[in-house]
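# Summary of the model geometry
Below are the chains, spelled out letter by letter.
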Amino acid sequence: MENDWLRELEQIVAPPRLMTSLADRHSYSYDASFGSYLPEAVIQVMCTKEVSEVIKLANRHQIPVYPRGQGTSLSGGPLPVKGGIVLDFSQWDQKLEIYPDDLVAVVSPGVLTAAINQAAEKYGLMYPPDPSSGHVATIGGNLGENAGGPRGLKYGVTKDYVIGLEVVTPEGHIIRTGGRTIKNVTGYDLTKLIVGSEGTLGVITEATLRLIPKPPARKTMMAVFADLPTSGTAISKVLRSGILPAKIELMDQASIRAVEQFQPMGLPIDAAAILLIELDGHPKAIQEEMEKTNHILTELGAKETIVAQTEEEAERLWKARKLVSPAIAKIKPTKISEDATVPRSKIPEMIQRLNQIKEKYQIHLVVFGHAGDGNLHPNILCDKRDKEEMIRVEQAIAEIFAAAIDLGGTLSGEHGIGTMKAPFLEQELGPLGVMMMKRLKKAWDPNNILNPGKIFPEPGISKLVLRDE
Amino acid sequence: MNDSLRKLQDKINYEKTFACVQCGYCLPACPTYETMKKETHSPRGRINLVKQFAEGKLDINVLQDPIDKCLGCNACTVVCPSDVEYNKILEGAKQVLEEQQPKTKKQKIAEKLLFEDIFPSRKWMKRVGDLTWFYQASGLKKFAEKTGLAKVAPLSLDQFSQVLPNLPSPSERRRRLHRIPAKGKSRIKVGFFTGCIMDSIFFEINQKTIDLLTLAGAEVVIPEMQTCCGALHAHTGKIGHSRLLAKKNIEAFEAESVDYIINNAGGCGARLIEYEELFDDDPEWRERAKTFSNKTRDISEILVELDRLTFTQPIAGPVTYQASCHMLNVQKVVNAPLKLIKEIPNIDYREMEGADRCCGSAGIYNIVNFEDSMKILDNKMIHMKETQAKIIVTTNPGCLLQMKLGIKRENLASTVRALHLVELLHEARPVQK
């Protein structure tokens, strides 16, 4: 029976774009999160018709289908957890059209996110979402997970820039949502429903994205703090002063020290926290705003502030932030990057709770991230071969989520729920919230073929398990 | 876990696979991911397969093709945010494959010729040089036919024979001195590591290298007992053999107390600076290897450091630079060649897109995996043509041959030349400052 559908599949897409060898199947069994699950087949789709036909076939035979970009997901989005077909979109990157008069871009799902911004820049435009994996990640994956990035503080996330989609439904029909206009209130907003649905409601085959004028200038500063709560207060104070920076990034002491040990660059290792702030806009405006920001931070008691005078100096300051991930990866081999997010006013409290969790479970926990929008990245460094340690890590993660929800925040700011956070969904949404979502899923995908095992917890699973059984 | 699996894990550097967090940042850097278009032929994919294999979850056959098709260019290690030692994992996998896998006939013959007849023996210098010279008139194709290589094609050696330079005669090669004094005041004493291919097929370039060195104020010695660097052996999993060759070279250069050990082949240089790692379990040799590696420099580095040359002859036409992967990604020599190129009067240097990407030469990759290599080369030539360069400069014999082949494939032989950096600098008529 298995051979039947594989033979039919070959009629739609033939090798080498249809892969069934063991080496190939293993190579699409993982993403950047946890676990490895072997699919029966991998198909590299190159047009909407192929997607539609594959999904119709899958729906007929009730074979699970998992859309996948370049596998950079941190939440398990593309993992083929129940076997079946991986739909690989990475090679479908041919369409990248910029329409400067409409300020839109029309793209195929395999286009790299960073490539969209590069193409827009040629017209003096910008595609703002800037996940740090943007040079690897595809726009299809970004749409599925509703990816964010440092600029989210000022510019929002992926969903804020999507105005139209072409979608293949779980039954293989091709629909169009939204359109090419900024204003559009016709019917339900299916565009926003599909974006961030993590490939469980439909497969995106084309997107129309909104572009904005590229700010002509930017300026960076670094502020050093002797204690964490003050850095948190500083963020609120700046944001209330009428200034909206493009980015406010935070590094805690553990991350400062890790970077300094990894690649000495003269960072203040006694500091409790560093804030990196980028302003963008008209050169004269940001000059004035920078002076004001500097004044606010100094008055609040920042130990030191440095305003970059040149582009090179700015780059040097941002390098420290970029080095956090590689530097902390040296501490222990397994790195779990969380993205629990809290209202901005709760950042100091969240940092305090994170430190308590770190003490309680005796884990290596480092805090950095997009503090300006409340989206911290508590990273846990551990060793997945150490069962005893992993149990403590699982408990700590559960407590991080509980703390975020308790403070009025959310499980995920930008990585998505996937498999990693599914056990905690109900904690945030409540049983009725989950039920309404499940009804939506059932209406769209009656046979549950599209990315099963994601977002919703499997029956009987109420906690995270990171160990191999 | 049973004993044999543990031994396998040790050999294949299984522990090092845990450094990979599977972020995928290596994908855009990988030339084979670009041309073969699947994760299986990406660094992340290969590391995963090695790991699954080392855990006993996969048969060794599954590993063969993805590992064979890796260029070993190390571009992934430069962009890796977790500093995964990919080259160690790759070499471990190659060693295990070498020991456990039966070879195809084609592979056996090619490897016997390359590793037993040409590269390892002290006689290689004469033999390759003489044979190639002798057979040049009749063409390398006949040479290949005679050794049985052509019959087990597609080794496509005939393709390469057409782009080989004219060789000096054996007697000319034998006339070379082993000690060449500096021109003018001697500032340092350097040992010249001549390399196999460089000292046979590209003998002329070695002569020009010595000219540049002596003109820059270096006394040059060429230790006679030196041998192949062992890079190709290590890259095909013959670690034991590579270690033997390393010892010979270390001894050969120890005998002459030199300030630096100079080479002009990116691939050889990369191996020489890694000698230390071959002797993890042998403290005495590790120390000796370390001293050797610390003295090792590429010709471009030493010329920049000595800073004694002025170039007097302008070079016409745009020039582009195809970096050697091993020089760039392993030796981390990035700026020195460019600095020298830009010192030439009126030079029109144009960087090509992807100048830091492998050209597909990769040791014997272009011989063993000809078709795959040509796909990578064709991409390279697209970017080369965009620069409208009249000269492509390289710093490694394999890359140089590959560039010559690329030029021929594009039918550009009448307008575009591929030169070793040393040839370009020589052409620019250097004089002492």
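Everything numeric in this text was worked out from a predicted model, so none of it was measured.

With that settled, the discussion passes to the side chain of H26 of chain A. Positionally, H26 of chain A belongs in helix 2 (residues 22–27). Setting aside chain neighbours within four positions, we find H26 of chain A in contact with L38 of chain A together with N48, L49, Q52 and L58 of chain B.

In terms of domain boundaries, chain A breaks down into domain 1 (2–88), domain 2 (96–213), domain 3 (217–326) and domain 4 (331–406). Spacing between the C-alpha centres of domain 1 of chain A and domain 4 of chain A amounts to 33 Å.

Look at any regular strand and the pattern is simple: side chains alternate between the two faces of the sheet. Residues and elements named next belong to chain B. Pairing between strand 1 (residues 179–180) and strand 3 (residues 218–221): two bridges, direction antiparallel. When the sheet's bridge partners are listed, R179 is paired in strand 3 with V221. The pairing of strand 2 (residues 188–192) with strand 3 spans four bridges and is classified as parallel. Across the sheet, residue G191 finds its bridge partner in strand 3, namely V221.

All names here are of chain B. One way to put it is that helix 16 (residues 239–254) packs onto helix 18 (residues 283–295) with a least axis distance of 10 Å and a crossing angle of 60°. For the element pair helix 16 and helix 18, the recorded crossing hand is left-handed. Residues K247, N249, I250, E251, F253 and E254 of helix 16 form the contact with helix 18, whose participating residues are W285, R288, A289 and F292. A per-class count over the contact of helix 16 with helix 18 returns five nonpolar, one polar and four charged.

What follows concerns unusual backbone geometry. Residues and elements named next belong to chain A. For the bond from P15 to P16, the omega torsion is 10°, close enough to zero to count as cis. Inspection of the secondary structure puts P16 in the loop between helix 1 (2–12) and strand 1 (18–19). Although it is not a glycine, I455 adopts a positive phi angle of roughly 65°. Position of I455 relative to the elements: it lies in the segment after helix 15 (425–444). Looking at I455, the relative accessible area reads 10%, which means it is buried.

The strands making up a sheet associate through backbone hydrogen bonding, with each pair oriented either parallel or antiparallel. Residue and element names in this part refer to chain A. Strand order in the open sheet formed by five strands is 5-6-10-8-9, and the pairing between neighbours is antiparallel. Unpaired on one side and paired on the other, strand 5 (96–99) and strand 9 (174–178) mark the two borders of the sheet. The average angle at which neighbouring strand axes cross in this sheet is 15°, direction not considered. For strand 6 (residues 104–107) and strand 10 (residues 203–210), the ladder comprises four bridges, and the chain directions are antiparallel. From the neighbouring strand, V106 faces strand 10, where its bridge partner is T208. Across the face of the sheet, helix 3 (residues 48–61) comes into contact with strand 8 (162–168), strand 9 and strand 10 while running at roughly 50° to strand 8. Contacting strand 5, strand 6 and strand 10, helix 4 (residues 113–121) crosses the sheet at an angle of about 35° to strand 5.

Criteria and cut-off values
- Residues numbered from 1 in each chain as written.
- Chains lettered and ligands numbered in written order.
- Predicted model: local features only at pLDDT ≥ 70, side-chain atom pairs only at ≥ 80, totals over all residues.
- Heavy atoms only, no water.
- Helix = DSSP H or I, 4+ residues; strand = E, 2+ residues; numbered from the N terminus.
- Contact = heavy atoms within 4.5 Å.
- Domains from an automatic or database assignment.
- Pairing = 2+ DSSP bridges.
- Axes fitted to C-alpha atoms, helices over the stretch in contact; angles between N-to-C directions.
- Left-handed = near helix turned anticlockwise from the far one by under 90°.
- Nonpolar A, V, L, I, M, F, W, Y, C, P; charged D, E, K, R; others polar.
- Buried < 20%, exposed > 50% of the residue type's maximum accessible area, 1.4 Å probe, protein only.

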